[in-house]
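# Survey of secondary and tertiary structure
As a plain string of letters, each chain reads:
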Amino acid sequence: MYKSIILIYIVVFVAYILFSRQPDYFDGETTTATIHWIKDSTQKTIPKAVFTINKIQYAIDARYVLRNLPEGKQIQVIYETANPEKAAVYDFWGYWITWGELMASILLLVALIEIAKAINKNPTPEALIEQMEYKPIKKRKYD
């Protein structure tokens, strides 16, 4: 029971991750960007990934939980050619796996396991008798 639930969970989670990324993995382009610490509108210094496409310079926010980016580091960014200003840092942590999706999916897995346990925990007496009296019918190989 647990193996099938976990297998279904992994297949669905991988499919969700593969087809829900923005910018899209299949249609997106990757390029190299450089990290620069720049002040934002609140005068707080944040890391920005700066890259150039068609002689136009773009700067995107490169902050993410548990990601430390030093000044001058070269990283990959992924963008859609129609909207390069909506690019994202192309990294396993932050692009492919986000902390919110990871926590929600783990909670969903635990909930599914608990639901499966609750369904199979206390069968009715009639169901137990039916299960004990069951005898498979012998069928011919070819009818």
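Calculation notes
- Residues numbered from 1 in each chain as written.
- Predicted model: local features only at pLDDT ≥ 70, side-chain atom pairs only at ≥ 80, totals over all residues.
- Heavy atoms only, no water.
- Phe/Tyr/Trp six-rings, centres within 6.5 Å; stacked < 30°, edge-to-face > 60°.
- Buried < 20%, exposed > 50% of the residue type's maximum accessible area, 1.4 Å probe, protein only.
- Axes fitted to C-alpha atoms, helices over the stretch in contact; angles between N-to-C directions.
- Helix = DSSP H or I, 4+ residues; strand = E, 2+ residues; numbered from the N terminus.
- Parallel < 35°, antiparallel > 145°, perpendicular 65-115°, else oblique.
- Left-handed = near helix turned anticlockwise from the far one by under 90°.
- Contact = heavy atoms within 4.5 Å.
- Nonpolar A, V, L, I, M, F, W, Y, C, P; charged D, E, K, R; others polar.

### Points about the packing of aromatic side chains
What the rule picks out here adds up to 10 aromatic pairs. Ring centres of Tyr95 and Trp96 lie 5.1 Å apart, and the angle between their planes is 80°; on these two criteria the pair is classed as edge-to-face. Using a relative accessible area of 3% as the deciding quantity, one classes Tyr95 as buried.

### Looking at the packing of helix H1 (residues 2-20) against helix H2 (residues 99-121)
Interaxial distance between H1 and H2 falls to 11 Å at its minimum, and their mutual angle equals 150°. In terms of their interaxial angle, H1 and H2 are classed as roughly antiparallel. When you trace H1 past H2, the crossing you get is right-handed. Contacts from Tyr2, Ile5, Ile6, Tyr9, Phe13 and Tyr16 in H1 reach Glu101, Ser105, Ile106, Leu109, Leu112, Ile113, Ala116 and Lys117 in H2. Its residues assigned to classes, the contact of H1 with H2 shows 11 nonpolar, one polar and two charged.

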